[in-house]
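Chain by chain, the residues:
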Amino acid sequence: MNEANVVVIGAGAAGLMCAITAASRGKSVLVLDKSTKAAEKVRISGGGKCNFTNLDVTAENYISNNKHFCKSALAGFNQWDFIDWVVQAGIDYHEREHGQLFCDKSANEIIKMLLDKCDGYGVQLELDVKVKSIEKKDDFKLETNIGELACESLVIATGALSIPKMGATGFGFKVAKQFGLNTIQTRPGLVPFTFTGKNKDDFKALAGIALPVVVSLVERKAPSFKEAMLFTHRGLSGPVILQISSYWLPGDSISINLIPDLDLKAFMDKKKKEHPQALLATVLSHAFPKRLVSLLVDEFPMQQKVASLSDKDVQHLEDFLQAWVIKPSSTEGYRTAEVTVGGVDTADLDSKTMQAKKVEGLYFIGEVVDVTGHLGGFNFQWAWSSGFAAGSAVA
């Protein structure tokens, strides 16, 4: 039987961070993953450039039943700590909007950095491993396709349900259930919306159009987001849609401000002077793509000359454009979701160590936990921070 102080199931961002931290403390660490390559989600992230963290990380950037749970781990290993790792590894990076940090060259640089650290501290990495069963008496006993394994501390870093084609499963949730931990209901997050009927046909005709908007939920309280929205053949995508999707529930409507940066009254006053006989639809085509204006014509009377518009008419138009309400039919689901919202209940975990309160030596980190970040490097930071917390605590 192969024995180690710590077995980490999952060789992704959180699992590798945990392994490095534990091994740096002198622990013998074995990392298992059912894939044939480590950190595949890191490899494809950020269009292959890995949005590895954000300059402005706070608890407000996370969704959880307990909004305070993530604070301890984020304070224990913050974005600046990981940036130091990146700098020390000689990885060039750049900042994009909203404080997002990306590798200049490739996400493979982050993976190499993590694997080099694993090698340096003597972490044993075993890929293409299937864990068949887990038992706990004094220690944990694992049955796998490479034989029996034993450990004092077991860390579940298996991710969740997003992107099943990359091997995502509910394994971590099954382990949580086996040991009596609660799981908060899961749903796809950071995922495009889909539509049916007329909206589906309309949006398909607009596929490829992108514009800056502000999006919020209509029926429930949630943050609003201002970024680009993209019309697709299936519905709506783009950063702003991915952001609000993590809060969306079936049946919710979304409100879209199509003119977040346009002073409509000043714009219309100018157009009235320049083109008084022009139709409203024609004038709006100076501010919006023509195909989008054609869609809005069906919902707002635009076949009138701008000279005839009263201040009240302009106000009605502004109200409409600032709060265009539509109801998505669904999302594209876990197939394309970047994250899973929900997961192992934080009420059953110690926020400082990520250890299960009911089971000594059992830890849950990363996406499997009910802590989900906004788009922009926050989910990777949670992986680094929660992995570090568990790695600092394992026996």
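Everything in this summary refers to the structure shown in the same document. Keep in mind it's a predicted model, so treat the numbers as computed, not measured.

Quick word on the nonpolar core
Item 1. If you look at the biggest cluster of nonpolar residues, it comprises 83 residues, and the most contacted ones within it are Phe 82, Ile 110, Leu 142, Leu 154, Phe 364 and Trp 382.
Item 2. Looking at this core, the element that brings in the most residues is helix α1 (residues 13-24), giving nine residues.
Item 3. Dropping the residues within four chain positions of it, Leu 154 is found in contact with Val 7, Ile 9, Ile 134, Phe 140, Leu 142, Gly 361, Leu 362 and Tyr 363.
Item 4. Among the nonpolar cores identified, the runner-up in size contains 47 residues, and Ile 209, Val 213, Ala 278 and Phe 320 belong to it.

Digging into the sheet that holds strand β5 (residues 93-95)
Item 1. Taken together, three strands build an open sheet; the order of strands is β3-β6-β5 and the sheet is antiparallel. Both outer strands of the open sheet, β3 (51-54) and β5, are each paired with one neighbouring strand and no more. Averaged over all adjacent pairs, the angle separating strand axes in this sheet is 30°, with direction ignored.
Item 2. Sheet topology note: the β3/strand β6 (residues 100-103) ladder contains three bridges and is antiparallel.

Examining the environment of Leu 349
Item 1. Topologically, Leu 349 is positioned in the loop between β19 (339-344) and β20 (362-364).
Item 2. Put simply, Leu 349 and Ala 38 are 311 residues apart on the chain and 26 Å apart in space, counted from C-alpha to C-alpha.
Item 3. Those residues in contact with Leu 349 that lie beyond four places of it in its chain are Phe 69, Leu 181, Val 344, Met 354, Gln 355, Ala 356, Lys 357, Phe 364 and Val 369.

Thoughts on helix α13 (residues 378-393)
Item 1. Taking 1.5 Å per residue, 16 residues should reach 22 Å; α13 reaches 23 Å between its end C-alpha atoms and fits that length.
Item 2. Burial analysis of α13 places 12 of its 16 residues in the buried class, which makes it a mostly covered element.
Item 3. For α13, the complete set of buried residues consists of Phe 378, Phe 380, Gln 381, Trp 382, Ala 383, Trp 384, Ser 385, Ser 386, Gly 387, Ala 389, Ala 390 and Gly 391.

Quick notes on the environment of Asn 65
Item 1. The topology assignment puts Asn 65 in the loop between β4 (62-63) and α3 (70-76).
Item 2. For Asn 65, a relative accessible area of 59% gives the class exposed.
Item 3. With 104 residues separating them in the primary sequence, Asn 65 and Thr 169 have C-alpha atoms 22 Å apart.

Thoughts on the side chain of Gln 243
Item 1. Relative to the elements of secondary structure, Gln 243 occurs in helix α8 (residues 239-245).
Item 2. Judged by relative accessible area, Gln 243 falls into the buried class, the value being 5%.
Item 3. Side-chain polar atoms of Gln 243 contact the backbone nitrogen of Leu 375, separated by 2.8 Å.
Item 4. When near neighbours in sequence (up to four residues on either side) are disregarded, Gln 243 contacts Leu 190, Phe 225, Glu 227, His 374 and Leu 375.

Conventions adopted
- Residues numbered from 1 in each chain as written.
- Predicted model: local features only at pLDDT ≥ 70, side-chain atom pairs only at ≥ 80, totals over all residues.
- Heavy atoms only, no water.
- Core = buried A, V, L, I, M, F, W, Y, C linked by side-chain atoms within 4.5 Å.
- Buried < 20%, exposed > 50% of the residue type's maximum accessible area, 1.4 Å probe, protein only.
- Helix = DSSP H or I, 4+ residues; strand = E, 2+ residues; numbered from the N terminus.
- Contact = heavy atoms within 4.5 Å.
- Pairing = 2+ DSSP bridges.
- Axes fitted to C-alpha atoms, helices over the stretch in contact; angles between N-to-C directions.
- Expected span 1.5 Å × (residues − 1).
- Polar contact = N/O pair within 3.5 Å; in protein donor to acceptor, adjacent residues only side chain to side chain.

Structural measurements only, silent on function.
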